[in-house]
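Read off the chains here:
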Protein chains: 2
Amino acid sequence: MDTLTIENLIERKKVTMISYLDEEGFPYIKAMLAPRKREGIKTFYFTTNTSSTKVKYFKENSKASIYYVDENTFEGVTFIGTMKILTDEKSKESIWRQGDTLYYPKGVTDPDYCVLAFTAEKAYYYHNLKETKIVL
Amino acid sequence: MDTLTIENLIERKKVTMISYLDEEGFPYIKAMLAPRKREGIKTFYFTTNTSSTKVKYFKENSKASIYYVDENTFEGVTFIGTMKILTDEKSKESIWRQGDTLYYPKGVTDPDYCVLAFTAEKAYYYHNLKETKIVL
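A brief structural summary.

Conventions and cut-offs
Residues numbered from 1 in each chain as written. Chains lettered and ligands numbered in written order. Predicted model: local features only at pLDDT ≥ 70, side-chain atom pairs only at ≥ 80, totals over all residues. Heavy atoms only, no water. Contact = heavy atoms within 4.5 Å. Buried area = accessible area lost by both parts, 1.4 Å probe. Salt bridge = Lys/Arg side-chain N within 4 Å of Asp/Glu carboxyl O. Polar contact = N/O pair within 3.5 Å; in protein donor to acceptor, adjacent residues only side chain to side chain. Helix = DSSP H or I, 4+ residues; strand = E, 2+ residues; numbered from the N terminus. Nonpolar A, V, L, I, M, F, W, Y, C, P; charged D, E, K, R; others polar. Least-squares fit on C-alpha atoms with pLDDT ≥ 70 in both. Buried < 20%, exposed > 50% of the residue type's maximum accessible area, 1.4 Å probe, protein only. Pairing = 2+ DSSP bridges. Arc of directions from axis to C-beta. Patch = residues over 30% accessible without salt bridge, like charges linked within 9 Å, V, L, I, M, F, W, Y side chains within 5 Å. Areas by Shrake-Rupley, 256 points an atom, 1.4 Å probe, with all protein chains shown as cover. Lys, Arg positive; Asp, Glu negative; His and termini not counted. Charge placed at Lys NZ, Arg CZ, Asp CG, Glu CD.

**Considering the interface of chain A and chain B**
Stage number 1. Between chain A and chain B, the residue contacts involve 36 residues of the former and 36 residues of the latter.
Stage number 2. Roughly 2,800 Å² of surface becomes buried between chain A and chain B when both sides are summed, with 63% attributable to carbon and sulfur atoms.
Stage number 3. Inspection of the chain A/chain B interface yields three salt bridges.
Stage number 4. For Asp-22 of chain B, the salt bridge goes to Lys-122 of chain A, with nearest N and O atoms at 3.8 Å.
Stage number 5. At the junction of chain A and chain B, the tally comes to 11 residue pairs in polar contact (both at pLDDT 80 or more).
Stage number 6. Counting residues per element, the ones that place at least two in the side of chain A that touches chain B are β1 (15–21), β2 (27–33), β5 (63–70), β6 (75–86) and β7 (113–127) of chain A.
Stage number 7. Residue composition of the side of chain A that touches chain B, grouped by class: 18 nonpolar, eight polar and 10 charged.

Below, the structure is given as structure tokens:
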């Protein structure tokens, strides 16, 4: 399986689908913005609000998945792994962009701004109804 | 909250995002085709392969969610609830379409064809970063 095919799918999507679990163990899905930074297809970094429901739930249960799908090419990729919440200055600075003050008025040190770091343990690529396990 | 806005969002999407849990409690996301039938925004019926991984996992844990997002209008809707697997003749016939033999060569009685019936218990609508709980 060619990693470039998967990276290309990730890069052309404006949003990332993210899944997490609530306090009763129900899975949720939500769209997030594209990752700000990636380490290959192993670790993905996202900006989010510290006060958001998903941060609350990830603190209780780090099990997560992220998903990309292209409805036109019939391709999809699911990454299963764990989510960490990073609130240290260095992590927050590393993916900060100027326009982010729109969401976090106090800037890079805004306590309501944090980083979600997703690390994949397993991944599957789907194309034309065929599933391929990806070696990470 | 206007139900029509939500039904309109569902109707214009070609795919449904679906979430389920594996044997270790990790949430998965996958795209499915649009529901074949709906009872308002409470129950959704989908066709699927009986041999698929998600059917296996739904048998072990019925907790599920389905999700629709429109990246252009910044709208999203998440439904949280439970998934039932229906294999009785009446349910299978009720959403069968002629072209389905492409996926289920033995026709409507194909043992690899079954119906997924999702019933929502909770729902949230997102628009421009604002979340609204939907009364079901």
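**With respect to the relation of the copies chain A and chain B**
Stage number 1. Of the two same-sequence chains, chain A is brought onto chain B (RMSD 0.0 Å, axial shift 0.0 Å) by a rotation of 180°. This pairing of chains is accounted for by a two-fold axis. Closest approach to the rotation axis among the C-alpha atoms of chain A is made by Pro-27 of chain A, whose C-alpha sits 3.0 Å away.
Stage number 2. Here 100% of the contact residues of chain A are again contact residues in chain B; the copies associate through an equivalent surface.

**Description of the pairing of β6 of chain A**
All names here are of chain A.
Stage number 1. For β6, the tally of buried residues reaches nine of 12 residues, placing the bulk of the element in the interior.
Stage number 2. Relative to β6, β5 runs antiparallel, the two being bridged by eight bridges. Across the sheet, residue Tyr-68 finds its bridge partner in β6, namely Val-77.
Stage number 3. Taken together, β5 and the strand that follows it, β6, pair antiparallel across an intervening segment of four residues, in which Phe-74 is found at a positive phi of about 60°.
Stage number 4. The sheet contact formed by β6 and β7 spans 12 bridges and is antiparallel. Across the sheet, the residue bridging to Thr-82 is Thr-119, located in β7.

**A short note on helix α1 (residues 3–11) of chain B**
Residue and element names in this part refer to chain B.
Stage number 1. Taken residue by residue, α1 has Ile-6, Leu-9 and Ile-10 as its buried positions. Down the axis of α1, the smallest arc covering the buried residues is 100°, so these residues share one side. In α1, the exposed residues that point more than 90 degrees away from the buried face are Leu-4 and Glu-11.
Stage number 2. Next to the buried residues of α1 lie β3 (37–39), β4 (43–49), β5 (63–70), β6 (75–86) and β7 (113–127).
Stage number 3. Where α1 begins, one side-chain oxygen reaches toward the backbone nitrogen of Leu-4, 3.0 Å away; that side chain belongs to Asp-2.

**So, unusual backbone geometry**
Stage number 1. The backbone phi angle of Phe-74 of chain A is positive, close to 60°, even though this residue is not glycine.
Stage number 2. Structurally, the position occupied by Phe-74 of chain A is in the loop between β5 and β6.

**A closer look at a negative patch on the surface**
Stage number 1. Residues Glu-121 of chain A together with Glu-23, Glu-24 and Glu-60 of chain B make up a contiguous surface patch of negative charge.
Stage number 2. With respect to the element layout, Glu-121 of chain A can be found in strand β7.

**Some words on the pairing of β4 of chain B**
All names here are of chain B.
Stage number 1. Within β4, six of the seven residues are buried, which leaves the element mostly enclosed by the surrounding structure.
Stage number 2. Alignment of β3 against β4, held across three bridges, turns out to be antiparallel. Each bridged residue has a counterpart across the sheet, and for Arg-38 the counterpart in β4 is Phe-44.
Stage number 3. Following β3, the chain reverses through three residues before pairing antiparallel with β4; Gly-40 in that reversal takes a positive phi of roughly 60°.
Stage number 4. Relative to β7, β4 runs antiparallel, the two sharing seven bridges. For Asn-49, the partnering residue across the bridge sits in β7 and is Tyr-113.

**Digging into helix α2 (residues 53–60) of chain A**
All names here are of chain A.
Stage number 1. For α2, the full list of buried residues reads Lys-54, Val-55, Tyr-57 and Phe-58. Taken around the axis of α2, the buried residues stretch over an arc of 165°, which confines them to a single face. Residues of α2 that are exposed and point over 90 degrees away from its buried face: Lys-59 and Glu-60.
Stage number 2. Residues of α2 that are buried in the fold lie against β1, β2, β4 (43–49), β5, β6 and β7.

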